Amino acid sequence: MTDLNKASAEAVEAARQGEQFAVILAAIQAAQIIQAQQPTTPATPPPVVVAQQSSAGAAGKWLAIGIGGSMLMVTVAFAAVALAIASACIALVALVVYGIYRDIRKR
């Protein structure tokens, strides 16, 4: 093989390699474009943050239960006092009516 043939074969081989390089480069660029066009999903918070939010929600829940229970107990206490007053009034009225009845019977 002469130097001219050898140089020609190397030039053809270099051209093929250049074409392969161009195809590979085009594929990489296409993949980058496709990746850039895809919508990104929001990252989920780490489990530690979720656990902290959960414990904060649990604390709020127990606080609400405590306040609601206290309000219920105050309401029950007021109802008991009202029932005691009403019972005392009914007993007083019954005594007055009984006294009037006894006075009427004595005559």
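This write-up is about the structure you can find in this document. Quick caveat: nothing in here was measured; it's all calculated off a predicted structure.

A few points about the overall build of the protein chain
The helix and strand inventory of the protein chain stands at 2 helices and 0 strands. When burial is assessed residue by residue, the protein chain has 0% of its 107 residues classed as buried. About 9700 Å² of surface is accessible on the protein chain, with carbon and sulfur atoms providing 70% of the total.

Structural notes on a nonpolar patch on the surface
Residues Leu 92, Val 96, Ile 100 and Ile 104 make up a contiguous nonpolar surface patch of about 400 Å² in total accessible area. By the element assignment, Leu 92 lies in helix H2 (residues 47–106). Judged by relative accessible area, Leu 92 falls into the exposed class, the value being 55%.

What counts as what
Residue positions within a chain follow its written sequence, with the count starting from 1. For a predicted model such as this one, the threshold for reporting local features is a pLDDT of at least 70, and the threshold for listing and counting side-chain atom pairs is 80 or more; totals across whole chains, interfaces and linings nevertheless cover every residue. Think of the side-chain values as coming from all heavy atoms in the structure, minus any hydrogens and water. In DSSP terms, a helix is any run of H or I states spanning at least four residues, a strand is any run of E spanning at least two, and both are numbered starting from the N terminus. We call a residue buried when its accessible area falls under 20% of the maximum for its residue type, exposed when it is over 50%, and partly exposed in between, using a 1.4 Å probe and counting protein chains only. Each accessible area is a Shrake-Rupley result for a 1.4 Å probe, and residues are judged covered by the shown protein chains and nothing else. A patch consists of residues exposed above 30% relative accessible area that lack any salt bridge, with like charges linked at up to 9 Å and nonpolar side chains (Val, Leu, Ile, Met, Phe, Trp, Tyr) linked at up to 5 Å. Any carboxyl oxygen of Asp or Glu that lies within 4 Å of a side-chain nitrogen of Lys or Arg is treated as forming a salt bridge with it.

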